[in-house]
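# Notes for the structure review
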Amino acid sequence: MKAIKHLFGIAGLSREQIEYLVNMGESFIEVNRRAIKKAPTLRGKTIINLFFENSTRTRTSFELAGKRLSADVINISASTSATTKGETLLDTGQTLAAMQPHVLVIRHSLAGTCEFLAEHLPNTALVNAGDGAHEHPTQILTDLLTLKQAWGSPEGKIITIVGDIAHSRVARSHLLAAQKLGYTMRVVAPKTLLPAQIERYGCKVYHDFDAALPGSDAVYMLRIQSERLTDSCAFPSIREYHEAYGLNAKRLRAAGPDCIVMHPGPMNRGMEIATDVADSVKSHILNQVEHGVAVRMAVLTALCGGMQEEKSTDSGLPLSDDKAQGSLI
Amino acid sequence: MSSIIFDHQAVEDAIVQMADAIQGEQIHLIGIQRGGAKVANALQQRLEARGAQVCRGNLDISFYRDDLDTIAPNPEVKPSQLPHDFSGQTIWLIDDVLYTGRTIRAALGEIFDYGRPAAVKLAVLVNRGGHQLPIAPDLVGLNYDAAPGCSIKLVTQGPWYIEQREPAGTKEQP
């Protein structure tokens, strides 16, 4: 497997790399449930969380992930950073990189922020914690871990994703992951909340939520991002949106008895999801939060780990005997 | 190239001897994933046949290794499962092969993140020499003086045996 140097998005990961991170995340679940939640894996590493957009769970999740692995973690949010004093993004990045952190975790409202900084910061591993409407890879790895725990594998399953697809980096990253891992995405939204040509991702598009429900193995609700919908005519009212696109108990029954409910948070109860559904036994929303810490521990570990190219570390031998013999002849 | 250094009979005899040497009514066995866990299972069988009560646990020390800078973590990490009530107890830490001692050092670190045992004793199926840390086993099944760099492996597919593999690229030239 090729070593993972940065995590920009699902687009840049192979299926093998995705499964590697999810599997490692799964083994960190146990560390997070211990009485003493601390392993020395990243002792001596420094991680900076640089958040230009508000975030509670993702930032907390990265912070806990680093701290539980004994790394030193610093949080910087836009309101306290020097960008409010007129510093450019590049200067902020270079300034922080000069303090020699191992990993820089970045959330920004502009797509491609991590790739841009990576070109200028050769010695720092970068993690995209959400860039505009582009990608949110650690959320998708989190969801894949939740699905692995629920189903074993997402392959062949149908996930119906509902809501503001146009502004959703989660939706976009999921569509990319679905193609790599072999699950099907059904995309449900009013036309006003769908990007153009989304079917090019290989998904099936619905404007009628009820038509998309039968056969779904999971319903994935997205938050209506009211902060990105200012002065928009995307939909007339919250009540009408909830009527047409909100997940309630009746709709969940229509999806089938084994259908699970997911949401990347934060939820707007009464808007995209009804309270009884959010709190039902079919809801995996809090599992997602728990798995988020474990998966981010795996991402940080993988980025801080050495180069492991195309070989197993298990036997202590660089090559299998067959290959070694072959090289002698 | 690999060669068998201990056959099935030798391995089985060694496990019987080790089980006989572990005394007590209630015994805590913690195996190191993955070879050590298999040896611990074999010991557990023998001990339970004798009438002892065995509490089992397993450790995966991947996250406690000291070489993250040189290698990425093994993708097949298995979760550690430790009984939470071993504080104040004597526990037997079981591994298949003792080489540098670094695995044991990492395992000790992990054990103390779970609790505070009264004592930790180390039992290994093969002690191959080449220790790099002041760690010595309390109980050894088989002793073998292996050349540095070669790999000693417990093979558990089919009847168990122990083989030695030469490091790649150091074979005799014709």
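Scoring rules and cut-offs
Residues numbered from 1 in each chain as written. Chains lettered and ligands numbered in written order. Predicted model: local features only at pLDDT ≥ 70, side-chain atom pairs only at ≥ 80, totals over all residues. Heavy atoms only, no water. Salt bridge = Lys/Arg side-chain N within 4 Å of Asp/Glu carboxyl O. Buried < 20%, exposed > 50% of the residue type's maximum accessible area, 1.4 Å probe, protein only. Helix = DSSP H or I, 4+ residues; strand = E, 2+ residues; numbered from the N terminus. Core = buried A, V, L, I, M, F, W, Y, C linked by side-chain atoms within 4.5 Å. Domains from an automatic or database assignment. Contact = heavy atoms within 4.5 Å. Phe/Tyr/Trp six-rings, centres within 6.5 Å; stacked < 30°, edge-to-face > 60°. Axes fitted to C-alpha atoms, helices over the stretch in contact; angles between N-to-C directions. Left-handed = near helix turned anticlockwise from the far one by under 90°. Nonpolar A, V, L, I, M, F, W, Y, C, P; charged D, E, K, R; others polar.

All right, on to the pattern of salt bridges then. Residue and element names in this part refer to chain A. Counted under the stated rule, the structure contains 12 salt bridges over all chains. Residue glutamate 30 is joined to arginine 34 by a salt bridge in which the shortest nitrogen-to-oxygen separation is 3.0 Å. The residues glutamate 30 and arginine 34 share a single accessibility class, namely buried. Between aspartate 210 and arginine 251 there is a salt bridge, and its shortest N-O distance comes to 2.9 Å. Taken together, the residues aspartate 210 in helix 7 (residues 209-212) and arginine 251 in helix 9 (residues 249-255) connect sequence positions 41 residues apart. Residue arginine 251 is classed as buried on the basis of its relative accessible area, which comes to 7%.

What follows deals with the nonpolar core. Formed by 109 residues in total, the largest nonpolar core has its most connected members in Phe28(A), Val103(A), Val105(A), Leu141(A), Ile165(A), Phe209(A) and Leu93(B). The element best represented in this core is helix 11 (residues 285-304) of chain A, accounting for 11 residues. Counting only domains with at least three residues in this core, you end up with domain 1 (10-135 + 288-304) and domain 2 (137-285) of chain A. When near neighbours in sequence (up to four residues on either side) are disregarded, Leu93(B) contacts Ile30(B), Ile32(B), Leu59(B), Ile104(B), Ala107(B), Ile111(B), Val120(B), Lys121(B), Leu122(B) and Ala123(B). In this structure, Ala14(B), Val54(B), Leu139(B) and Leu154(B) belong to the second largest nonpolar core, which totals 30 residues.

Residue and element names in this part refer to chain B. A complete count under the given rule lists 3 aromatic pairs over all chains for this structure. An angle of 75° between the planes, with centres 6.0 Å apart, marks the rings of phenylalanine 6 and tyrosine 144 as edge-to-face. Of the two residues, phenylalanine 6 is situated in strand 1 (residues 2-6) and tyrosine 144 in the loop between strand 6 (139-143) and strand 7 (151-155); the sequence distance between them amounts to 138 residues. Exposure remark for phenylalanine 6: the relative accessible area of 14% places this residue in the buried category.

This next bit is on the packing of helix 5 (residues 137-151) of chain A against helix 11 of chain A. All names here are of chain A. Relative orientation of the contacting elements helix 5 and helix 11 amounts to 115°, with a least axis distance of 8 Å. Crossing of helix 5 over helix 11 shows right-handed handedness. Contact residues: Thr138, Gln139, Leu141, Thr142, Asp143, Leu145, Thr146 and Gln149 in helix 5; Asn287, Gln288, His291, Gly292, Ala294, Val295, Arg296 and Val299 in helix 11. Among the residues making up the contact of helix 5 with helix 11, the classes are represented as 5 nonpolar, 9 polar and 2 charged.

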